[in-house]
Amino acid sequence: MNQSIKPGDNPDLTEERLSGTFDTNSMAAVIYGSDKLAQRRREISEAVSRIPELQDSKPCPFMTREEKILEGSRKSAILNRLLPGLIDLDSFEETVFIHQEVIGIEGHPLALHESLFIPPIATQGTDEQQKKWLGRAQRREIIGCYAQTELGHGSNLRALETTATFDISSQEFILNSPTITSLKWWPGALGKSANWSIVIANLIVHDKNHGPHPFMVQLRDEKSHEPLPGITVGDIGPKMAFNGADNGFLGFENYRIPRENMLMRHSKVTPDGGYIRPPHAKIGYSGMVRVRSRMAAEQGLFLAHALTIAVRYSAIRRQGYLEDRSREVKVLDYQTQQHRLFPSIARAYAFIFCGFETIRLYDQLLIDVQNGNTSGMADLHALTSGLKSVVTHQTGEGIEQARMACGGHGYSMASYISEIYGVAIGGCTYEGENMVMLLQLARYLVKSIEMIQNGKSKNLGPMVAYLAANESEIDLNLGPNEYLKVFQYAARSQAWRATEKFQKLRNSGMSKEQAWNQASVELTRASRLHTRLYIMSTFINHVGSVVDQKIKKVLIDLLNVHITYEVMDIGIYVQGLLSSDQMDLIRNQLYVSLETIRPNAVSLVDSFQISDMQLRSVLGRRDGNVYENLFKWAKSCPLNDKDVLESVTKYLKPMMDKSKL
Ligand SMILES: CCCCCCCCCCCCCCCCCCC/C=C/C(=O)SCCNC(=O)CCNC(=O)[C@H](O)C(C)(C)COP(=O)(O)OP(=O)(O)OC[C@H]1O[C@@H](n2cnc3c(N)ncnc32)[C@H](O)[C@@H]1OP(=O)(O)O
Ligand SMILES: Cc1cc2nc3c(=O)[nH]c(=O)nc-3n(C[C@H](O)[C@H](O)[C@H](O)COP(=O)(O)OP(=O)(O)OC[C@H]3O[C@@H](n4cnc5c(N)ncnc54)[C@H](O)[C@@H]3O)c2cc1C
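Residues numbered from 1 in each chain as written. Chains lettered and ligands numbered in written order. Predicted model: local features only at pLDDT ≥ 70, side-chain atom pairs only at ≥ 80, totals over all residues.

## What to know about the site of ligand 1
The line we're drawing: Only the C-beta atom, placed from the backbone, is used; a residue is near a molecule or strand if that atom lies within 6 Å of it. Residues are grouped as follows: Ala, Val, Leu, Ile, Met, Phe, Trp, Tyr, Cys and Pro are nonpolar; Asp, Glu, Lys and Arg are charged; every other residue, Gly included, is polar. Domain borders in the structure are assigned automatically or taken from a domain database.
The full set close to ligand 1 counts 36 residues, and E114, Y285, H381, Y430 and G432 are the nearest of them. Across the shell around ligand 1, the residue classes break down as 16 nonpolar, 15 polar and five charged. Of the residues that make up the shell around ligand 1, three or more belong to each of domain 1 (34–107 + 287–426) and domain 2 (143–281).

Have a look at this one:
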C-alpha cells in the first residue's frame, strides 16, 4: 500500500499510488537500512511540521543571499535549542536529517561544523584535545569549519603553501600565508560565521617541512566575533548554488597558536622540537575519506529529490495522445519519458545502498585505525575515490534529465531542480575533483594488475579479484549474475588496456609521469567501469538480502532496469564479448523492464519519503495539486508586489514616450 494517499489529492497521482504493488513504509525501511530509522525520519518530519518558527519565512528562490544566510542562522539557533526534544543527539544521521528538513540543501552556517570540523577533532585529536574542544563544539559554543584548499591549490595537497612554523622558545606555532595563492579559499562557513577552524598547514620544525598537518585555530574573538589580529577573513562571493553557505577566504600574518593546538593523536611535535611520524603517511587525509564515504548516499538522496519531483509531475502532466484521442496522456506513459527517468530511479536506489555500505566500511576502518591497524586505508581510499566521482557525475546527469523531463516548468525555480542540480554537482569538485580522484583509483587498479603480472593474483583483495579472471563467453540466458560477468569483462579489459598502454609508454623510455598522463583518459575509463561494477554488484547483493517478498519483487524489477540500462550504456566495451543479437536481446529486456516498473514508479519515489517541506518544490508536491500552486507561487514573487515597477517609470516609459514623437 502507498502510504502517501490522502483526500484532496490530484486524482492522477492517487491513481498511480493505487497501482503500486508494495507498502511504501516497508520500502523506506529497506532504503534507510531499518524500519526504526525510516520511522524516525517520518516522526522528525511530522514534529518539525508542527513547529511554526521552523517553517520557511518565504520560498528560498525569493530570498537574497543575505536573507538565506540569516534564515539559516535563525533556524540553526532555534534548532540548537529544540534539538534535545526532537532527535537523538548521539545520532549523526538524525542531526543531518533534521537540518536538511528544516533548512534545506542550500547550505547554512553550521553545515560543515558537524561533518568537517567535529570529526577531525574526534579522530585526530588526543584525549586532552578532545576534552578541551569536543564538548564545546558539540554544544555549539563555538562554530567551526575546515580550511584546507587555497586560492592556488586544492587538488595537489603537497603544494599547499600555508605554513605552521614551530617556535621552540615560545612553544608556539607561527601561521603564515606567504603569498596571494596561499590564502585559504572555499571553506564553508569560514566567510562570516565560524570562529574556529581546523587549518591544514605545512608543519615546519627546525627548517624541515613535514607536509600538511591539521591545527585547531581560533579565528574570531568569542565575544565580539571580530577577526583576531593577524587574521584576514571574509566571504568569497556568490556561487552557482549553495548560497546559504558563506564559503570564505583566510590569510595569516605571523599568527601564533600554542603547540597544543596541533591535532596530535597521530603525528606529534614534542616540546624540544622532535617530530613523531604518524602510523600511515596519509592518515591526515582520513577526514576527507570520511566525507567521501558519505557522498554516495548523500548524492543518491539529491537524485531522489529531483526524481520525486519529476516522476510525480510526470504523472499529473497530460500532454498529447496515445490511442485514446478523447483524453491526453500522462507524460509518464511515453517510453522516452520512462527511459529518461526510470534508470535514474534505479541508480538512486543503487547509490543509497552502496552509500550505506561505504559508511559502514568507514566506521569499521576508523575502529581499526584507532587500534593501530591501518592496512585497510588504501582499499577504502581507492573505493571512495571512484565512488564519489562516478556517483556525483551520474547524479548530475540524472538531475538534469529530471529537469528536462519537466519541460518548461522544470526550468522555473518553482521546480527547485536547478538548486538541487547546483548543489549536487558541487560534489564533482569538492572532496577531490573527480578526474583527480579517478586517477587515484587508477593507481590502485594498475598496481593490482602488476600483481597479477608478477604471479601474485592470490594476494588481490575481493574487489579486484575479477581482474585476474579470463571470461570470454557469456550465456545468453541473462540473469543478474550474467550481467555482472558482462560488466566484469568490460571493466577488466579496460583496466588491462589502460595498464598496458601505460606500461608500453614506460617501456618506450617515457618518464613515469608523462606515461601516466598519456594514458590517463584510458585510466579514468577503467576507474569508472570498475566503480560501476562495484555499484552493480552491491545492488545485486542488497536485493538478494531483502526478505519481504513484495518488496523484493519490485526491487528485482528495478534491478532489471539498472543492469540492462548499464550494459547498453557500455556497449562499446563489450563488443568483443556480446554479439549484435545479444545486444538486441538486452535492449528489448530494457524496454520490457521499463514497462514492468511503470505501475510502481510513483510509489518508488514516494518511498524516499521526502516531505514537502524538504522538497521545496511546487512541481513535486505530495498532493500533486501543481497548477493552482504554481499560480499562487508566481503571484507571491516580489516582482509582483507592485504593478508598475521603477524599471518602467524610470527607463521604459520615458523611452516609449520619446519614441512616440
Ligand atoms: C549541524 C549541522 C548538521 C549537518 C547538516 C548538514 C546537512 C546540510 C545538508 C546540506 C547538504 C549540502 C551538501 C553540500 C555540502 C558541501 C560540503 C562541501 C565540503 C567540502 C569540503 C572540501 O572540499 S575539503 C577539501 C577536499 N580536498 C580534497 O579532497 C583534495 C584532493 N586531493 C587529495 O586528496 C590528495 O592531494 C591526493 C589524494 C589527490 C594526492 O595526494 P598525495 O599527493 O599526497 O598522494 P599521491 O597521489 O602521491 O599518492 C601517494 C600514495 O598515497 C595514497 N593515498 C592518497 N590518499 C590516501 C588516503 N586518503 N588514504 C590512503 N592512501 C592514500 C595513494 O593512493 C598513493 O598510494 P600508492 O600506493 O603510492 O599508489
Ligand atoms: C561547494 C564547494 C565547497 C567547498 N568546501 C570546501 C571546504 O569546506 N574546505 C576546503 O578546504 N575546500 C573546500 N572546497 C574546495 C574543493 O575541495 C576544491 O575546489 C577541490 O578539491 C578541487 O580543487 P581545485 O579547486 O584546486 O581544482 P583544480 O585542481 O585546480 O582543478 C582544475 C582542473 O584541473 C584538473 N587537474 C588538477 N590536477 C590534476 C591532475 N593531477 N591530473 C589531471 N587533472 C588534474 C582537474 O581535473 C580540473 O579539471 C569546496 C569547493 C566547492 C566547490
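## Overview of the UniProt feature "active site" (unreviewed entry) in the protein
The criterion, for reference: UniProt positions are given in the numbering used here, feature names are shortened, and annotations may be inferred rather than shown by experiment. A pair of residues counts as a contact when their C-beta atoms, built from backbone coordinates, are within 7 Å of each other.
Taking the UniProt record as the reference, the feature "active site" (unreviewed entry) is found at E431. In contact with E431, not counting residues within four places along its chain, are M288, V291, R292, M295 and K388.

## As for the environment of G624
Convention followed: Strands are runs of DSSP state E lasting at least two residues, helices are runs of H or I lasting at least four, and both sets are numbered from the N terminus onward. Labels follow a simple rule on C-beta atoms placed from the backbone: if 20 or more others lie within 10 Å of a residue's own, it is buried; if 12 or fewer, it is exposed; otherwise it is partly exposed.
Structurally, G624 is set in the loop between helix 20 (612–615) and helix 21 (626–635). On the basis of neighbour count, G624 is assigned to the buried category, with 24 C-beta atoms found within 10 Å. Once the C-alpha coordinates of G624 and P11 are considered, the two residues, 613 residues apart in sequence, prove to be 8.4 Å apart. For G624, the residues in contact, after removing those within four places along its chain, are D9, N10, D12, L13, R312 and I316.

## Some remarks on the confidence of the model for the protein
Do not read the fine detail of predicted coordinates wherever pLDDT is low. Counted only if it meets this: Per-residue confidence from the predictor is reported as pLDDT, which spans 0 to 100.
With 99% of its residues at a pLDDT of 70 or more, the protein shows a mean pLDDT of 96. In the predicted complex, the global pTM is 0.97; the interface-specific ipTM is 0.96.

## Remarks on the site of ligand 2
Near ligand 2 you find 22 residues, and of these Q148, T149, G154, S155 and M435 are the closest. Elements that contribute at least two residues to the shell around ligand 2 include exactly strand 1 (144–147) and helix 13 (434–453). Considering each element in turn, the shell around ligand 2 owes the most residues, three residues, to helix 13.

## Some points on the packing of helix 4 (residues 65–86) against helix 5 (residues 92–103)
We count it as follows: Under this scheme, a helix contributes an axis fitted over its contacting stretch, all axes are lines through C-alpha atoms, and angles between N-to-C directions fall in the 0 to 180 degree range. Roughly parallel means an angle under 35 degrees; roughly antiparallel means over 145; roughly perpendicular covers 65 to 115; every other angle is labelled oblique. Handedness of a crossing follows from how the near helix is turned relative to the far one, being left-handed for an anticlockwise turn of less than a right angle and right-handed for a clockwise one.
Here helix 4 crosses helix 5 at 135 degrees, and the two axes come no closer than 11 Å. Judged on the interaxial angle alone, helix 5 and helix 4 are oblique. When the axes of helix 4 and helix 5 are compared, the crossing they make is right-handed. Each of G72, K75, L79 and L86 in helix 4 lies in contact with helix 5, whose residues at this interface are I98, H99, V102 and I103. Partitioned by chemical class, the residues of the contact of helix 4 with helix 5 number five nonpolar, two polar and one charged.

## Description of the environment of V543
Positionally, V543 belongs in helix 16 (residues 520–544). Here the alpha-carbon distance between V543 and S314, two residues 229 residues apart in the chain, equals 27 Å. Those residues within four positions of V543 in sequence are excluded, and the remaining contacts are K552, L555, I556 and L559.

## Structural notes on the pairing of strand 3 (residues 172–176)
Along any regular strand, the residues point their side chains to alternate faces of the sheet. Worth spelling out the cut-off: Between any two strands, pairing holds if DSSP finds at least two bridges.
In the sheet, strand 2 (residues 163–167) pairs with strand 3 via five bridges, with the strands oriented antiparallel. For T165, the partnering residue across the bridge sits in strand 3 and is I174. What sits between strand 2 and strand 3 in their antiparallel hairpin is a turn of four residues, with Q171 showing a positive phi close to 55 degrees. Across four bridges, the pairing between strand 3 and strand 9 (residues 255–258) is antiparallel.

## Here's the deal with the nonpolar core
As a rule of thumb, nonpolar side chains are buried together in soluble globular proteins. Counted only if it meets this: Connectivity within a nonpolar core runs through C-beta atoms within 7 Å, and the core itself is a set of buried Ala, Val, Leu, Ile, Met, Phe, Trp, Tyr and Cys residues.
Among the nonpolar cores identified, the biggest contains 164 residues, and A306, L307, A310, I345, A402, I420 and L558 are the most heavily contacted of them. With 18 residues, the top contributor of residues to this core is helix 8 (residues 286–316). Taken domain by domain, this core gets at least three of its residues from each of domain 1 (34–107 + 287–426) and domain 2 (143–281). Among residues more than four places away in sequence, those in contact with L307 are L341, S344, I345, A348, A402 and V605. Membership of the second largest hydrophobic core comes to eight residues, among which are L54, I87, F97 and I98.

## Quick notes on the sheet that holds strand 4 (residues 184–185)
Spatial strand order, 4-8-7: three strands in an open sheet with antiparallel pairing. Taken across any chain shown, the strands that pair with only one partner, and hence form the sheet edges, are strand 4 and strand 7 (231–235). Relative to strand 8 (residues 248–252), strand 4 runs antiparallel, the two being bridged by two bridges. Across the sheet, K184 pairs through a bridge with L250, a residue of strand 8.

## Side note on the domain arrangement of the protein
Domains assigned within the protein are domain 1 (34–107 + 287–426) and domain 2 (143–281). The distance between the C-alpha centroids of domain 1 and domain 2 comes to 31 Å. Tallying the contact residues gives 13 residues for domain 1 and eleven residues for domain 2. In the side of domain 1 that touches domain 2, the residues fall into three nonpolar, six polar and four charged.

## Looking at the packing of helix 10 (residues 377–405) against helix 16
The contact between helix 10 and helix 16 brings their axes to 9 Å, and the two run at 90 degrees. As summarised for this structure, helix 10 and helix 16 are arranged roughly perpendicular, according to the angle between their axes. Note on element contacts: helix 16 touches helix 10 through S527, R528, H530, T531 and R532, opposite G386, L387 and V390. Taken together, the residues of the contact of helix 10 with helix 16 sort by class into two nonpolar, four polar and two charged.

## Topic: helix 5
We count it as follows: The length a helix should cover is 1.5 Å for every residue beyond the first.
Between its terminal C-alpha atoms helix 5 stretches 16 Å, which fits the 16 Å expected from twelve residues at 1.5 Å a residue. Along its buried surface, helix 5 packs onto helix 3 (35–49), helix 4 and helix 20. Within two residues after helix 5, G104 carries a phi angle of roughly 95 degrees, on the positive side.

## Points about the UniProt feature "binding site: FAD" (unreviewed entry) in the protein
In the UniProt entry, the feature "binding site: FAD" (unreviewed entry) is given for T149 and G188. The named residues occupy 40 residues along the chain; their greatest pairwise C-alpha distance, 10.8 Å, places them in one compact cluster. Tracing the backbone shows T149 in the loop between strand 1 and strand 2. Judged by C-beta crowding, with 26 C-beta atoms within 10 Å, G188 ranks as buried. If we skip the residues at most four places from it in the chain, G188 touches G107, A111, L112, C145, A245 and N247.

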